[in-house]
Amino acid sequence: MKIHLVDGTYELFRAHFALPSISAPDGREVGAVRGLVQTLIGLLRQEDVTHVAVAFDSEILSFRNDLFSGYKTGEGTPPELLGQFPLAERATAALGLVVWPMTGFEADDALGAAAVRWKDEPGVEQIVLCSPDKDLAQVVRGDRVVTLDRRREIVTNEAGVREKFGVSPPSIPDYLGLVGDSADGIPGIPRWGAKGAAQVLDHYVHIEQIPTNAEDWVITVRGAKSLAASLSENMEAALLYRQLATLRLDVPISEDLPDLEWQGAPQEPYQSLCDELGFGRLRDGVVRWSGG
């Protein structure tokens, strides 16, 4: 079996900015939710999709905001999109899918924790992390745990992570700590770019294993002296940024693997929601009803 773990927050954002605005009969903006339901129905139509869970950032803020004031917040997110988050979770559950609403953690934490938990389970052929987020590359393993950018239809396995970033998955948090990640508000360390970070981490693997004196480096890297000096001056910040980029794999997940098997959508709740939101064309779009 394959397990598909979906970043619902990403899908909701993608739908909001890619699709036209739509209002429910009561005037609520529901365009992003409609797009989310459409893409989840499309996923469920695929023959190899049997076990699914969808994670959401129920709160934009997480424990990472307590660690670093510059970490991403909901600032700048359109209010009409923020207002659809509770409805998105409701619609996903109405499809009969397992929903992980994250409070204090992030959706990526839940996806990473689930991937690590079930990757070696008997009968699991592959875990597919449906998100293009760079953070998730750290839990990719061989061809068994992969990421899927559904928009561009790109699957990235462990070899793909190395090709893209120049480092192996365990070094991804270190890489993001040094280079930064603007999407998450992680600034990175001065003078450390993608090429230099990849060269150094490909050999030393983790930040604390990098000698702070360039004369002790056993690899040849352009600008090694300035890189080492910058890291020495900013070591505390580098380790903090790595912590921000590291997925929390202790997220509490109450479901067991059999709970993720999709049995179909409960017809009455799903169709009632479609009527409430004005999703007439999606009302009969589900390929299977639960119990039938």
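Provided above is the structure to which this section pertains.
Predicted, not measured: the structure shown is a model, and the values here were computed from it.

Participant: Please give an account of the layout of surface pockets that cites residues and values.
Facilitator: In this structure, the largest pocket spans a volume of roughly 560 Å³. In this structure, the largest pocket is lined by 22 residues; those nearest its centre are Thr 9, Lys 72, Asp 133, Ala 183 and Asp 184. Contributing elements (two or more residues each) for the lining of the second largest pocket: β5 (145-149), β6 (154-156) and α7 (158-165). Taken together, the residues of the lining of the second largest pocket break down into 6 nonpolar, 4 polar and 5 charged.

Participant: Tell me what's going on with the environment of Gly 264, and back it up with residues and numbers.
Facilitator: If you trace the backbone, Gly 264 turns up in the loop between α11 (235-245) and α12 (267-277). Classification of Gly 264 by relative accessible area gives buried; the value is 4%. Placed 231 residues apart in sequence, Gly 264 and Val 33 show a C-alpha to C-alpha distance of 19 Å. Beyond its immediate sequence surroundings of up to four residues, Gly 264 is in contact with Leu 95, Gly 96, Arg 288, Trp 289 and Ser 290.

Participant: An account of the pairing of β5 is needed here, citing residue identities and associated values.
Facilitator: Of all the 5 residues making up β5, 5 are buried; the element is thus mostly covered by neighbouring parts of the structure. As defined by bridge partners, strand β4 (residues 126-130) adjoins β5 across 4 bridges and the pair is classed as parallel. Counterpart to Leu 129 in the pairing with β5 is Thr 147. Where β5 and β6 come together, 3 bridges link them in antiparallel fashion. Note on β6: the bridge partner recorded for Asp 149 is Ile 154. What sits between β5 and β6 in their antiparallel hairpin is a turn of 4 residues, with Glu 153 showing a positive phi close to 55 degrees.

Participant: Go over the packing of helix α5 (residues 85-94) against α12 with me, naming the residues and quoting the values.
Facilitator: Where α5 contacts α12, the axes come no closer than 9 Å and their chain directions differ by 145 degrees. Here the hand of the crossing between α5 and α12 comes out left-handed. Facing α5, whose interface residues are Leu 87, Arg 90, Ala 91 and Ala 94, α12 presents Tyr 270, Leu 273, Glu 276 and Leu 277. Among the residues making up the contact of α5 with α12, the classes are represented as 6 nonpolar, no polar and 2 charged.

Participant: With reference to specific residues and values, describe the pattern of salt bridges.
Facilitator: All chains considered together, the criterion is met by 19 salt bridges. Between Asp 26 and Arg 28 there is a salt bridge, with the nearest N and O atoms lying 2.8 Å from each other. Several salt bridges converge on common partners, so that one network encompasses Arg 64, Lys 72, Glu 106, Asp 109 and Asp 184.

Participant: Before we move on, can you summarise the sheet that holds β6 with the specific residues and values?
Facilitator: If you trace the 6 strands from one edge of the open sheet to the other, you get β3-β2-β1-β4-β5-β6, paired in mixed fashion. The sheet is open, and its two borders are formed by β3 (98-104) and β6, each paired with just one other strand. Sheet twist, expressed as the mean angle between neighbouring strand axes with direction ignored, is 25 degrees. With 6 bridges joining them, strand β2 (residues 51-62) and β3 adopt parallel strand pairing. Residue pairing in the sheet places Ala 55 in a bridge with Trp 100 of β3. Sheet strands in contact with helix α2 (residues 31-44) are β1 (2-7) and β2, and its direction is about 150 degrees off that of β2.

Participant: An account of helix α1 (residues 8-18) is requested, with residue identities and associated values reported.
Facilitator: Those residues of α1 lying buried are Gly 8, Thr 9, Glu 11, Leu 12, Ala 15 and His 16. Taken end-on, α1 shows its buried residues confined to a sector of 165 degrees, consistent with a single buried face. Residues of α1 that are exposed and angled more than 90 degrees away from the buried face: Phe 17 and Ala 18. Taking the backbone nitrogen of Thr 9 as reference, a side-chain oxygen 3.2 Å away marks Asp 7 as the first, capping residue of α1.

Basis of the calculations
- Residues numbered from 1 in each chain as written.
- Predicted model: local features only at pLDDT ≥ 70, side-chain atom pairs only at ≥ 80, totals over all residues.
- Heavy atoms only, no water.
- 1 Å grid on protein atoms, 1.4 Å probe; cavity = no way out; pocket = protein on both sides within 12 Å on 5 of 7 lines; lining within 4 Å.
- Points joined across faces, edges and corners; volume = space filled by probe spheres on them.
- Helix = DSSP H or I, 4+ residues; strand = E, 2+ residues; numbered from the N terminus.
- Nonpolar A, V, L, I, M, F, W, Y, C, P; charged D, E, K, R; others polar.
- Buried < 20%, exposed > 50% of the residue type's maximum accessible area, 1.4 Å probe, protein only.
- Contact = heavy atoms within 4.5 Å.
- Pairing = 2+ DSSP bridges.
- Axes fitted to C-alpha atoms, helices over the stretch in contact; angles between N-to-C directions.
- Left-handed = near helix turned anticlockwise from the far one by under 90°.
- Salt bridge = Lys/Arg side-chain N within 4 Å of Asp/Glu carboxyl O.
- Arc of directions from axis to C-beta.
- Polar contact = N/O pair within 3.5 Å; in protein donor to acceptor, adjacent residues only side chain to side chain.

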